[in-house]
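Topology and contacts: notes
Chain by chain, the residues:
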Amino acid sequence: MELTWLADTPQSRRRTRALRACSSCQKRKKRCRHLRDEHRAPSQVLETRRLDSTAEGARAPNQVQAPAQRINGRAASLPGISLIERFVGDLNPEAAIREKVDAPDGAHHRDRVGLWINTPAHGGNGDLSDTSSFRAEILPKNGSDTGSILHQRYLSALKACDRLPRSTLVPLASIFFSIVNHILPIVDRELFNPGSAEAATSVFLERAVCLVAAKDKTASSHLRLVCDGPLLTAREFCSDLYKGLVSAMDAALEPDRVTRIRILALMSLHSEGYEGTEAASMHICQAIHQAQTAGLHLERPNRQPGDSLTSLFWCLWTLDKIHASIGGRPVLLADRDIGITRPEPRSGGLKTAFDVWFALSELLSTVISFYRPSSDGTTGWETDYPSFEEIMGYPVRADLDYETLGILELYYHAIGILSCRYRPSHCPDGSRPSYTRQGLAAVRIYSIVATECAQSLPPLPVVPYAVALSMGVSYQQFRNSKLITHHTRAKASLDACCALLEELSAYWYSAEAMARLGRKALRQIKGLAFEDGKFGHGPPLSTVDNNNHDNSTSSMTDQELPLAGPSVHSNEPHHPSETQRSTKLR
């Protein structure tokens, strides 16, 4: 060993030498200056630490840990801290299935209106894999800074200012007005002139119309963003349009307020990604806020009954109820604050598609009241529930074609499923009318989507939501089956709904997410043991060994799940009074 002797001089005696770095600097692999700081002026110490922090910020991207991950890592390491990621209401089929499939030893917290999903309980390897994968969609990627994110948004907004090629815009606009706008008259057809040389139509409104129409199966051959560009899938095309519209709306590039309302309403019909449902709810919230600012909810001089602005407002009213159901959120529009007359059937008693859509939304408004925190905990609507034929009226207008009737009936049966509510801890009473209605509605939903209108349902979010509700009913029937025939039938129905959702996943993210959750439930069902011939009373699904499952599907993260769906609770029959039936959501 070679030794070096230091001279005993005044200079050497004043120096402090650290034979090794402190533990903190060792972990960070940084040069340790802490001992030297003791003998330096305060101004010099601050300057050194500033340079240190600057150097640390300039480290390679793979050495930088995301802020949310650092926070979550600290929280997870502290005892007694539980990370609550999100709340899923009982209007969501995810809540009913996840509570049994994905919550061993009561990891999720439930109350009478929904389920809190606890993030650490979902980590596939006992860590926060769900949170980190979710954050990856939000936080900067590859260490990019805020400036680059703002630059990307700027480029997206600029791209949204370019008009789509006529070969894309004209056919998609035709699809929208032929199968969507007569049900939800958000856009005034007389003022919409796509691809006009005079640019009479907002380019952002054109893109929002295409955003909705692109999910129709007949649009698949027209999904190009530029002339002679590559043909995109529906979800790729919609994601690109949506990203540009979000940037354009955030930058307030659309000057006309009413046009902004229309664009935001159309954007609320699109949902992609883990936070897609939340973003859609935010869009309808902004649209309602803009409509109230413009006074669309109030009578004003020279306003014609049934004009385009009145229709636009009532479209927002119905979308408010749908988003409250799909997203499990409170409604935004209070009926006591609305000053305009509610829509009524035209002369002769013939109802338009929107008249029926509005009547169904009023029915949904009453059903949602059973799921409020202030509700009396009843099971649902047991008497005087209107039939679909009663709501449609007779005779039926000639312009209500087969596909329009299909989506309206699908909406009706989705509400029928929600009209039955029971607690997961109680065995449902099969003699209740709402329980029977729920089972029949699930069968009808599958028949409409899979067979009767398999290729031609309008591209509205009611479609994947209704199928998810049907899957939730099948799962609950399997859990509560006591007969082998009922058990086998429910299992087959659950499998069929999963297959149908997988087919819809080409257009809807929520369908893909619920299909994955359904498949996970099916894999666990295969290992469920039955004792003494009592089906549905074996060990909880969450306790089944998953070691034999495929690794690509046995671990499911929160980012694969939407916020959409049905529900389940209590056993006392409920008979809505006339007052309650006429009461709309506050």
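Bear in mind that the values here come from a model prediction, so they are computed numbers and not experimental data.

Rules used throughout
Residues numbered from 1 in each chain as written. Predicted model: local features only at pLDDT ≥ 70, side-chain atom pairs only at ≥ 80, totals over all residues. Heavy atoms only, no water. Helix = DSSP H or I, 4+ residues; strand = E, 2+ residues; numbered from the N terminus. Buried < 20%, exposed > 50% of the residue type's maximum accessible area, 1.4 Å probe, protein only. Contact = heavy atoms within 4.5 Å. Expected span 1.5 Å × (residues − 1). Phe/Tyr/Trp six-rings, centres within 6.5 Å; stacked < 30°, edge-to-face > 60°. Lys NZ or Arg CZ within 6 Å of the ring centre and 35° of its normal. pLDDT = per-residue confidence, 0-100. Core = buried A, V, L, I, M, F, W, Y, C linked by side-chain atoms within 4.5 Å. Patch = residues over 30% accessible without salt bridge, like charges linked within 9 Å, V, L, I, M, F, W, Y side chains within 5 Å. Areas by Shrake-Rupley, 256 points an atom, 1.4 Å probe, with all protein chains shown as cover. Salt bridge = Lys/Arg side-chain N within 4 Å of Asp/Glu carboxyl O. Axes fitted to C-alpha atoms, helices over the stretch in contact; angles between N-to-C directions. Left-handed = near helix turned anticlockwise from the far one by under 90°. Nonpolar A, V, L, I, M, F, W, Y, C, P; charged D, E, K, R; others polar. Parallel < 35°, antiparallel > 145°, perpendicular 65-115°, else oblique.

**Concerning the overall build of the protein**
Counting secondary structure elements, the protein contains 23 helices and 3 strands. Residues counted as buried form 49% of the 586 residues belonging to the protein. Sequence separation of 24 or more characterises 74% of the internal contacts of the protein that already satisfy a separation of 6 or more.

**As for unusual backbone geometry**
Only a minority of non-glycine residues have a phi that is not negative, and only a minority of peptide bonds are not trans. Non-glycine residue Asp228 carries a positive phi angle of around 60°. By the element assignment, Asp228 lies in the loop between α10 (203-213) and α11 (234-250). Even without being a glycine, Ala252 presents a positive backbone phi close to 55°. In this structure, Ala252 sits in the loop between α11 and α12 (257-267).

**Points about helix α19 (residues 462-480)**
Three or four residues apart is the spacing at which side chains of an α-helix point the same way, because the helix has 3.6 residues per turn. Helix length check: α19, at 19 residues, gives a terminal C-alpha distance of 27 Å against a target of 27 Å (1.5 Å per residue), a fit within 8%. Within α19, 17 of the 19 residues are buried, which leaves the element mostly enclosed by the surrounding structure.

**Re the packing of aromatic side chains**
By the definition in use, this model includes 11 aromatic pairs. Note on Phe176 and Phe177: the rings are 5.1 Å apart at their centroids and 85° apart in plane angle, and the pair reads as edge-to-face. Overall, the relative accessible area of 0% leaves Phe176 in the buried class. Among the residues examined, Phe177 registers a relative accessible area of 14% and is labelled buried. Centre to centre, the rings of Tyr385 and Tyr412 are 6.1 Å apart; their planes meet at 50°, and the pair counts as tilted. Here Tyr385, found in the loop between α15 (353-368) and α16 (388-392), pairs with Tyr412, found in helix α17 (residues 402-418); they are 27 residues apart in sequence, far enough to count as distant. Each member of the pair, Tyr385 together with Tyr412, is buried. One aromatic cluster in this structure is built from Phe313, Trp314, Trp317, Phe354 and Phe358. The ring of Trp317 is capped by Arg342, whose NZ or CZ atom sits 5.0 Å from the centre of that ring.

**A short note on the confidence of the model for the protein**
Chain-level statistics for the protein give a pLDDT mean of 75 and a share of 67% at 70 or above. A low-confidence stretch, residues 35-43 (pLDDT under 50), is modelled with 9 contacts involving residues beyond four sequence positions or located in other chains.

**Structural notes on the nonpolar core**
Counting residues in each nonpolar core, the largest one holds 127 residues, and the members touching the most others are Phe176, Ile186, Val187, Phe237, Leu266, Trp357 and Leu410. With 11 residues, α19 is the single largest residue contributor to this core. Apart from residues no more than four positions distant in its own chain, Ile186 is found in contact with Asn181, Arg262, Ala265, Leu266, Leu312, Cys315 and Leu319.

**Considerations on a nonpolar patch on the surface**
A cluster of nonpolar residues, Tyr154, Leu155 and Leu158, forms a patch on the protein surface that exposes about 290 Å² of accessible area. Inspection of the secondary structure assignment puts Leu155 in helix α8 (residues 146-160). Look at Leu155 and you get partly exposed, because its relative accessible area is 43%.

**Concerning the packing of α10 against α11**
Packing of α10 against α11 leaves a shortest axis separation of 10 Å and a crossing angle of 145°. Along this stretch, α10 crosses α11, giving a crossing that reads as left-handed. Contacts from Phe204, Arg207, Ala208, Cys210 and Leu211 in α10 reach Phe237, Cys238, Leu241, Tyr242, Leu245, Ala248 and Met249 in α11. Class assignment of the residues belonging to the contact of α10 with α11 gives a composition of 11 nonpolar, no polar and 1 charged.

**Section: the packing of α8 against α11**
Running from N to C, α8 and α11 point in directions that differ by 105°, and their axes come no closer than 7 Å. Accordingly, the angle class assigned to the pair α8 and α11 is roughly perpendicular. On α11, the residues touching Arg153, Ser156, Ala157, Lys159 and Ala160 of α8 are Asp240, Lys243, Gly244, Leu245, Ser247 and Ala248. Considered class by class, the residues forming the contact of α8 with α11 number 4 nonpolar, 3 polar and 4 charged.

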